[in-house]
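Coordinate inspection notes
Below are the chains, spelled out letter by letter.
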Amino acid sequence: LHCLVGGQTARYLVLMLTPSIGEFVWNLRNLSQLLAFNVENPTGHYRLRLENCSDYAVAERLLLVDRWESHLARRSGAPAVSQRGDYTRVRNEMFDNHRIHGVSSIAEWRLPTAGLLELDYVSGRRPAPSDSARRLDEATFDRLLVGLHESPCRAEEKVWVVRMVSHLITVSSMQ
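Residues numbered from 1 in each chain as written. Predicted model: local features only at pLDDT ≥ 70, side-chain atom pairs only at ≥ 80, totals over all residues. Heavy atoms only, no water.

Okay, the pattern of salt bridges next. Counted according to the given criterion, the structure contains six salt bridges. With its nearest N and O atoms 3.3 Å apart, the salt bridge here joins Glu156 to Arg154. Neither residue differs from the other here; Glu156 and Arg154 are each classed as exposed. A single network of salt bridges, built from pairs that share partners, joins Arg154, Glu156 and Glu157. (Salt bridge = Lys/Arg side-chain N within 4 Å of Asp/Glu carboxyl O. Buried < 20%, exposed > 50% of the residue type's maximum accessible area, 1.4 Å probe, protein only.)

In structure tokens, the structure reads:
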């Protein structure tokens with residue numbers, strides 16, 4: 001699914017072609033990181049098994065977005081607020097439960113084809129000032145919170161849903 005053109009819609013439609021419920025559940029388990037990844041708002045904690053091609057695709061995308069965001073921050077003259085002072089948005093990176101050593105930046109690290117990569121990504125993207133007009137009003141925000149609270153879904157599923165639409169929601173610091 002990582003090589004499909006068409007984004008989430010195409011991935012969903014391809015998953016619907018799964019011939020049995022057992023294979024569908026197997027696909028969901030193995031594709032969960034890719035299906036939950038929102039390139040418009042990649043902020044989050046990641047635990048990626050690189051031998052799983054979908055997890056590997058997420059790792060590749062995170063490193064690409066990191067390079068792009070780092071470049072934009074450097075070019076704008078913004079201060080380096082990264083953990084290492086190198087403009088990267090990746091923090092607390094671990095490979096096979098060990099800190100990644102021998103590189104000055106995650107951008108220099110060669111992504112292996114197997115192993116456990118764990119990291120936090122903190123995007124520097126913020127809503128444009130013009131997006132303040134799209135900010136959720138109090139009533140809508142309250143309905144969203146009540147809907148999440150009353151939903152019978154597990155907490156992980158609720159987080160997954162909110163992450164998928166997080167780039168479309170603008171809230172104030174008071175909400």
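We now examine the nonpolar core. With 20 residues, the main nonpolar core has Tyr46, Leu50, Leu62, Leu111 and Leu117 as its most contacted residues. Mapped by element, the contributors of at least two residues to this core are β1 (44–49), α3 (53–76), β2 (90–95) and β4 (116–121). When residues in this core are grouped by element, the largest group, six residues, is from α3. Excluding residues within four positions of it along the chain, Tyr46 makes contact with Gln33, Phe37, Val58, Leu62, Leu117, Glu118, Leu119, Tyr121 and Arg163. (Core = buried A, V, L, I, M, F, W, Y, C linked by side-chain atoms within 4.5 Å. Helix = DSSP H or I, 4+ residues; strand = E, 2+ residues; numbered from the N terminus. Contact = heavy atoms within 4.5 Å.)

This brings us to the sheet that holds β1. Strands sit in the order β1-β4-β2-β3 across an open sheet of four strands; the sheet is antiparallel. The open sheet is flanked by β1 and β3 (98–99), the only strands paired with a single partner. As paired strands, β2 and β3 are joined by two bridges and run antiparallel to one another. Residue pairing for β3: Met94 is matched across the bridge by Arg99. (Pairing = 2+ DSSP bridges.)

Right, let's talk about the side chain of Glu118 for a bit. Mapped onto the elements, Glu118 comes out in strand β4. In this structure Glu118 comes out as buried when scored by relative accessible area, which is 18%. Here the side chain of Glu118 touches His45 through a polar contact of 2.9 Å, side chain to side chain. Setting aside residues no more than four positions away along its own chain, Glu118 makes contact with His45, Tyr46, Arg47, Asn92, Glu93, Met94 and Asn97. (Polar contact = N/O pair within 3.5 Å; in protein donor to acceptor, adjacent residues only side chain to side chain.)

Okay, the pairing of β2 next. Relative to β4, β2 runs antiparallel, the two sharing four bridges. Counterpart to Phe95 in the pairing with β4 is Leu117. Between the end of β2 and the start of β3, which pair antiparallel, lie two residues, with Asp96 showing a positive phi angle near 50°.

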